[in-house]
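# Coordinate analysis (summary)
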Amino acid sequence: MILQQAQPFRDGLETLIRICQERKCYFREEAAGLLKALLIRLVRTARLTDTAGDAMADRLIQYLRKHYRENLTVEQIAAHFNYHAGHINRVMRRSTGTTIHNYLVRCRMEAAKTLLLSTDMTVSQVAEEVGIESEAYFCNSFKKLTGITPKEYVDGVAGEIKGLWDKMDVKYDHFIRT
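Everything numeric here is computed off the predicted structure, so don't read it as measured data.

### Thoughts on the overall build of the chain
A tally of helices and strands in the chain yields ten helices and zero strands. Written out in order from the N terminus, the α and β elements of the chain read α-α-α-α-α-α-α-α-α-α. Scored against the burial criterion, the 178 residues of the chain give a buried share of 30%. Summarising the internal contacts of the chain: among those between residues at least 6 apart in sequence, 53% fall at separations of at least 24. Here the chain displays about 12,000 Å² of accessible surface, and carbon together with sulfur accounts for 55% of that area.

This is the structure:
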């Protein structure tokens with residue numbers, strides 16, 4: 001049974017290596033997504049199944065994804081589900097490998113990445129939009145998760161796009177200013 005489960009991981013790792021070697025546009029994001037999926041699958045395969053805990057964790061994840069813009073605390077989330085904060089944190093950690101707070105921060109940073117690239121919002125506005133009141137806390141959290149600041153993230157992706165347009169002999173400024 002273990003050998004049967006190993007093949008999808010082997011295939012996934014080979015795909016991950018190929019993506020990193022080819023270094024196509026947005027390869028980092030694609031590789032990160034694939035690695036995250038592989039790790040989640042590995043954790044879920046390796047541990048004993050806790051059906052009730054998994055169902056609770058799924059409800060927690062759905063709630064966090066829906067309400068990440070709100071100013072939430074673990075205690076408020078626990079009260080919403082009528083459980084003790086320690087209990088839901090243990091359920092979440094057992095199912096996902098992380099705490100509710102850390103999962104919430106990751107949800108917010110994923111949403112922030114999209115906003116930074118798809119809008120003209122300032123970093124402060126993006127922070128507020130994803131439920132973080134302090135721009136400094138937002139920047140620190142963003143850098144902790146991505147390894148770069150929000151500005152470096154925007155500049156890096158914009159630079160990759162400009163590089164692609166240069167290869168296609170298209171004027172970058174024309175698209176940015178229109």
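What follows continues from the structure just given.
### A look at the side chain of threonine 99
Note on placement: threonine 99 falls in the loop between helix H5 (85-96) and helix H6 (100-118). The class for threonine 99 is buried, based on a relative accessible area of 14%. Apart from the residues within four sequence positions on either side, threonine 99 is in contact with Asn89, Met92 and Arg93.

### Describing the environment of glutamate 152
By the element assignment, glutamate 152 lies in helix H9 (residues 150-167). Here the side chain of glutamate 152 touches threonine 149 through a polar contact of 2.9 Å, landing on its backbone nitrogen.

### Section: the packing of H6 against helix H8 (residues 135-146)
Relative to each other, H6 and H8 sit at 95°, their axes nearing to 10 Å. In terms of their interaxial angle, H6 and H8 are classed as roughly perpendicular. In contact with His101, Val105, Arg106, Met109, Ala112, Lys113 and Leu116 of H6, H8 contributes Tyr137, Phe138, Ser141, Phe142, Leu145 and Thr146. Classifying every residue of the contact of H6 with H8 gives eight nonpolar, three polar and two charged.

### A look at H6
Taking 1.5 Å per residue, 19 residues should reach 27 Å; H6 reaches 27 Å between its end C-alpha atoms and fits that length. Among the residues making up H6, those that are buried are Ile100, Tyr103, Leu104, Val105, Cys107, Arg108, Met109, Ala111, Ala112, Leu115 and Leu116.

### Some details on the layout of surface pockets
The volume enclosed by the largest pocket comes to roughly 1,100 Å³. Lining of the largest pocket is provided by 30 residues; of these, Ala32, Lys36, Arg106, Glu110 and Lys113 occupy positions nearest its centre. Those elements that place two or more of their residues in the lining of the largest pocket are helix H2 (27-46), helix H3 (51-67), H5, H6, H8 and H9. Looking at which element gives the most residues to the lining of the largest pocket, the answer is H2, with ten residues. Considering only residue class, the lining of the largest pocket consists of 13 nonpolar, six polar and eleven charged.

### So, the nonpolar core
Membership of the largest hydrophobic core comes to 34 residues, with the highest contact counts inside it found for Leu60, Leu64, Ile77, Ile88, Ile100, Val130 and Phe138. When contributions to this core are tallied by element, the ones reaching two or more residues are H3, helix H4 (74-81), H5, H6, helix H7 (123-129), H8 and H9. Those residues in contact with isoleucine 100, other than ones at most four positions away along the chain, are Leu60, Leu64, Val74, Ile77, Ile88, Asn89 and Met92.

### A look at the packing of aromatic side chains
All chains considered together, the criterion is met by three aromatic pairs. Seen from their ring centres, tyrosine 63 and phenylalanine 81 are 5.5 Å apart, and the 75° between their planes marks the pair as edge-to-face. One end of the pair, tyrosine 63, is in helix H3; the other, phenylalanine 81, is in helix H4, and 18 residues separate them in sequence. For phenylalanine 81, a relative accessible area of 12% corresponds to the buried category. Judged by centre distance (6.0 Å) and plane angle (40°), the ring pair of phenylalanine 138 and phenylalanine 142 falls under tilted. In this pair, phenylalanine 138 and phenylalanine 142 are both assigned in helix H8, four residues apart and thus about one turn of the helix distant. By relative accessible area, phenylalanine 142 is classed as buried at 0%.

About the criteria used
Residues numbered from 1 in each chain as written. Predicted model: local features only at pLDDT ≥ 70, side-chain atom pairs only at ≥ 80, totals over all residues. Heavy atoms only, no water. Helix = DSSP H or I, 4+ residues; strand = E, 2+ residues; numbered from the N terminus. Buried < 20%, exposed > 50% of the residue type's maximum accessible area, 1.4 Å probe, protein only. Contact = heavy atoms within 4.5 Å. Areas by Shrake-Rupley, 256 points an atom, 1.4 Å probe, with all protein chains shown as cover. Polar contact = N/O pair within 3.5 Å; in protein donor to acceptor, adjacent residues only side chain to side chain. Axes fitted to C-alpha atoms, helices over the stretch in contact; angles between N-to-C directions. Parallel < 35°, antiparallel > 145°, perpendicular 65-115°, else oblique. Nonpolar A, V, L, I, M, F, W, Y, C, P; charged D, E, K, R; others polar. Expected span 1.5 Å × (residues − 1). 1 Å grid on protein atoms, 1.4 Å probe; cavity = no way out; pocket = protein on both sides within 12 Å on 5 of 7 lines; lining within 4 Å. Points joined across faces, edges and corners; volume = space filled by probe spheres on them. Core = buried A, V, L, I, M, F, W, Y, C linked by side-chain atoms within 4.5 Å. Phe/Tyr/Trp six-rings, centres within 6.5 Å; stacked < 30°, edge-to-face > 60°.

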